[in-house]
Structure formats: structure tokens, C-alpha cells
Amino acid sequence: MSGAVRGFALLPLPLLLLLLPRAARGAAVCGLCPGPPRNGSIVSRFCESRRDAESDGRCCRERGPAPGRLLGLDLSNCSLQSVPPGLAEATAAFVLDLSENPLTAVPSASFRGFTRLQSLVVPPALECPGGSDAWQDVTVDRSSRLCQGQRNPCNSSEQLAWPCPENSVCAPDGPGLIQCLCEGPFHGYRCLREGTFPMLLFGGILGTATVSLSLLLWGTQRRKAKSP
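Being a predicted model, the structure only gives us computed values, none of them experimental.

Scanning the protein from N- to C-terminus turns up 4 helices and 11 strands. Scored against the burial criterion, the 228 residues of the protein give a buried share of 35%.

This is the structure:
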């Protein structure tokens with residue numbers, strides 16, 4: 001079973017992404033192709049089977065006054081030659097259809113974080129991400145390859161390519177992918193630091209750096225605006 005380990009150091013996310021509403025962050029992937037999920041597709045059938053779901057562009061979402069959690073994504077027949085970067089917005093999806101596209105590959109790294117994915121359709125010439133061992137069942141016909149039942153690579157009898165270090169535990173991170181999570185009270189690089197993570201200190205440093213950078217950029221723009 002192949003695997004990949006996510007870094008152990010805690011990296012700050014861009015502040016703007018934290019400020020954006022969830023609906024705004026998750027809307028772009030639903031409009032990568034025109035129209036709703038195609039009739040008869042695995043995403044369309046999944047959405048119709050749930051009373052709490054509705055279509056939103058090519059997405060299937062939880063029903064609600066605001067765009068709910070993304071449950072499925074139909075990108076079939078979208079003329080995709082590679083997996084779009086926006087696919088990362090669909091990590092909560094249970095079903096995903098990428099069939100009938102001139103894709104040359106479906107890299108496993110593109111599905112990092114897709115721990116809930118249970119049904120994936122890809123062109124028949126391509127392998128399931130993570131390989132057949134990453135799925136409980138793989139079926140192929142003339143138009144598609146269906147990968148069903150994502151396995152937990154941490155429960156595999158095969159030895160992991162990158163075993164987790166001491167003071168950490170293995171956790172699934174997508175088809176054939178793993179991440180190593182620090183056990184309390186350990187944290188930091190390779191989980192070597194013991195004790196509570198200094199959130200107040202980290203937040204203060206990050207906030208100060210953000211404000212300083214903002215003031216610097218603001219001052220630079222003002223000087224440029226005043227210069228003839």
C-alpha cells in the first residue's frame with residue numbers, strides 16, 4: 001500500500017481564506033461545468049436518493065437556506081485534460097464523477113483530504129487513485145472505471161512506506177494516503193515537543209506580522225500615489 005505523510009509542523013493558513021465565508025470558498029468548483037449533475041450519473045442518483053440534498057450547479061449539497069455541505073460533484077464530460085486545482089474544494093464529497101474526460105492521469109495527491117469519498121468514477125483507461133488496493137471494489141466497463149468503498153490504509157496488513165514516528169498515530173488522508181497526527185501532549189516537527197502548544201504566543205506573532213505587513217504595503221502604496 002502506497003502512502004504519503006503530511007508534514008508535522010503547524011503551518012498558518014492565509015488570513016484571507018479564514019475570513020472568506022464557507023459558501024464563497026466552495027462555490028467555484030460547482031461551476032466548472034455548465035448545468036446540473038447529468039441525468040443518470042452516480043452523483044445525480046445519489047442526490048435524488050437523499051431528501052436533505054439538492055443540486056447546486058454540478059454539485060450535490062445539503063439542503064438549506066445557505067449553500068450547505070458539499071456531498072457530491074459531477075465533473076463528467078467537462079473536457080478536462082487534468083484534475084482541476086479547484087477539486088480541493090470538494091474534500092467533503094461522498095461521490096465524485098470524472099468520467100468521459102480526456103484525462104491523462106488522476107494523481108493520488110489530488111485526492112488528499114478526501115477521507116469521506118466512497119464512490120469515484122474515472123475514465124476506464126486510468127487506475128483508481130491509490131491503486132486498486134485502496135478500494136474495496138473496482139469495476140470497469142467500456143465507458144468508466146468505478147472505485148467504491150475507500151479502504152483505511154492505516155488498517156492494512158502491508159507495511160506503510162512511511163511509518164509514523166514515535167508519539168504519533170496514523171490517520172487516513174484520502175485513497176491510499178495517510179497522515180501522522182501527534183498524540184497529546186506532543187506537538188511540533190515529528191511530534192518531538194512535549195506540552196501544550198503555545199496558541200497565544202503563536203497567534204500574537206502571526207497577528208503582529210500580518211498587521212506590520214499590511215501597514216508596510218499601505219505606506220508603500222501611499223508613497224506611490226503621491227509621487228508625480
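If you trace the backbone, Asp97 turns up in strand S4 (residues 95-97). The buried charged residue Asp97 lacks any salt bridge partner; its closest oppositely charged side chain belongs to Arg38, at an N-O distance of 5.5 Å. Each residue touching Asp97, except ones within four places of it in the same chain, is listed here: Ser41, Ile42, Val43, Leu73, Asp74, Leu75, Ser76 and Val121.

We now examine unusual backbone geometry. Put simply, Gly184 and Pro185 share a cis peptide bond, and its omega is 5 degrees. Residue placement: Pro185 occurs in the loop between strand S9 (178-182) and strand S10 (186-187). Here Asn167, not a glycine, exhibits a phi torsion of approximately 75 degrees, which is positive. Here Asn167 shows up in the loop between strand S7 (145-150) and strand S8 (168-172).

Following the criterion strictly, the structure yields 7 salt bridges and no others. Close ionic contact of Asp74 with Arg58 constitutes a salt bridge, the shortest N to O distance being 3.7 Å. You can see Asp74 sitting in strand S3 (residues 70-74) and its partner Arg58 sitting in the loop between strand S1 (53-56) and strand S2 (59-62), a full 16 residues away along the chain. Classification of Asp74 as buried rests on a relative accessible area of 0%. Given a relative accessible area of 5%, Arg58 falls into the buried group. A salt bridge links Arg112 to Asp173; the nearest nitrogen and oxygen atoms lie 2.9 Å apart. On the criterion of sequence distance, the pair formed by Arg112 in the loop between S4 and strand S5 (119-122) and Asp173 in the loop between S8 and S9 is long-range, its members being 61 residues apart. Judged by its relative accessible area of 2%, Asp173 is buried.

Formed by 27 residues in total, the largest nonpolar core has its most connected members in Leu73, Leu87, Leu96, Leu98, Val106, Phe111 and Leu120. Secondary-structure elements contributing two or more residues to this core are S3 and S5. When near neighbours in sequence (up to four residues on either side) are disregarded, Leu120 contacts Leu96, Leu98, Phe111, Pro129, Trp135, Arg145, Leu146 and Cys147. Within the second largest apolar cluster, 9 residues are counted, among which are Ile42, Phe46, Cys60 and Val121.

For the structure shown, the criterion picks out 2 aromatic pairs. Note on Phe111 and Phe114: the rings are 5.6 Å apart at their centroids and 65 degrees apart in plane angle, and the pair reads as edge-to-face. As far as the burial class goes, Phe111 and Phe114 line up, both buried.

Here is what the cut-offs are and how they apply
Residues numbered from 1 in each chain as written. Predicted model: local features only at pLDDT ≥ 70, side-chain atom pairs only at ≥ 80, totals over all residues. Heavy atoms only, no water. Helix = DSSP H or I, 4+ residues; strand = E, 2+ residues; numbered from the N terminus. Buried < 20%, exposed > 50% of the residue type's maximum accessible area, 1.4 Å probe, protein only. Lys, Arg positive; Asp, Glu negative; His and termini not counted. Salt bridge = Lys/Arg side-chain N within 4 Å of Asp/Glu carboxyl O. Contact = heavy atoms within 4.5 Å. Core = buried A, V, L, I, M, F, W, Y, C linked by side-chain atoms within 4.5 Å. Phe/Tyr/Trp six-rings, centres within 6.5 Å; stacked < 30°, edge-to-face > 60°.

Remember that the coordinates give geometry; whether it matters functionally is a separate question.
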